[in-house]
Amino acid sequence: MPPVVTRSTEVDIAFFDDPDGRKADLVDGGIGEMSAFDSTYGYYAQGVDTSTAILPDGWRDRLVVVANANTGNTQARCLEPHDCAASKLAAGREKDLVFVSALLEAGLIDAGTLADRIRAMDDPLSCASAC
């Protein structure tokens with residue numbers, strides 16, 4: 001994996017059943033930036049709402065389940081890589097363009113599939129400056 005893809009020390013965590021944001025707040029307080037967890041392990045989580053990111057239509061159907069001995073068999077549902085890349089391009093930040101470019105160059109995502117996902121966004125022009 002290219003270093004630029006794995007260098008972030010943050011992960012966003014969203015809950016499908018968190019209408020008032022309490023679970024997201026608990027994440028921030030318990031394992032968020034500058035928490036004891038962050039100081040101990042060198043990475044942290046940020047609680048976010050599922051509406052925070054701009055995502056392609058159908059993204060929920062493509063979530064990737066991660067569960068193994070390292071997670072205590074707790075299931076996490078992670079964005080499919082092309083959905084994640086499309087969302088990052090929609091954000092339009094330079095660091096996200098570098099991230100997506102590294103995924104493409106390493107062959108971890110397919111340019112055609114990424115283009116399809118961008119077209120499946122409510123406003124595919126939202127990422128025009130980065131695309």
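Described in the following lines is the structure provided in the data block. (Residues numbered from 1 in each chain as written. Predicted model: local features only at pLDDT ≥ 70, side-chain atom pairs only at ≥ 80, totals over all residues. Heavy atoms only, no water.)

**Some details on the overall build of the chain**
Along the backbone of the chain there are six helices and four strands. Put simply, the chain runs from its N terminus to its C terminus through helices and strands in the order α-β-α-α-β-β-β-α-α-α. Here the chain has a C-alpha radius of gyration of 15 Å; the compact-globule value for 131 residues is 14 Å, and the two agree. A buried classification covers 27% of the 131 residues belonging to the chain. (Helix = DSSP H or I, 4+ residues; strand = E, 2+ residues; numbered from the N terminus. Rg over C-alpha atoms; globule rule 2.2 N^0.38 Å. Buried < 20%, exposed > 50% of the residue type's maximum accessible area, 1.4 Å probe, protein only.)

**Overview of the nonpolar core**
If you look at the biggest cluster of nonpolar residues, it comprises 14 residues, and the most contacted ones within it are Val5, Ala85, Val100, Leu103, Ile109 and Leu114. Going through the elements one at a time, helix H1 (3-6), helix H4 (81-91), helix H5 (94-105) and helix H6 (111-119) are the ones with two or more residues in this core. Beyond its immediate stretch of four places on either side in the chain, Val100 contacts Ala85, Lys88, Leu89, Ile109 and Leu114. (Core = buried A, V, L, I, M, F, W, Y, C linked by side-chain atoms within 4.5 Å. Contact = heavy atoms within 4.5 Å.)

**Some details on H4**
Each full turn of the α-helix corresponds to 3.6 residues, which orients residues three or four apart in the same direction. Regarding H4, the residues found buried are His82, Asp83, Ala85, Ala86, Ser87, Leu89 and Ala90. In the core, the buried residues of H4 are packed alongside H5 and H6. Positive phi appears at Gly92, one or two residues downstream of H4, with a value of about 75 degrees.

**A look at the pattern of salt bridges**
Evaluated as defined, the whole model comprises eight salt bridges. As a salt-bridge pair, Arg22 and Asp20 come within 2.8 Å of each other at their nearest N and O atoms. Arg62 serves as the salt-bridge partner of Asp83, at 2.9 Å between the closest nitrogen and oxygen. With a gap of 21 residues between them, Asp83 in helix H4 and Arg62 in the loop between strand E2 (44-48) and strand E3 (64-66) connect regions that are remote in the sequence. Because the salt bridges share partners, they merge into one network encompassing Arg62, Glu80, Asp83 and Arg117. (Salt bridge = Lys/Arg side-chain N within 4 Å of Asp/Glu carboxyl O.)

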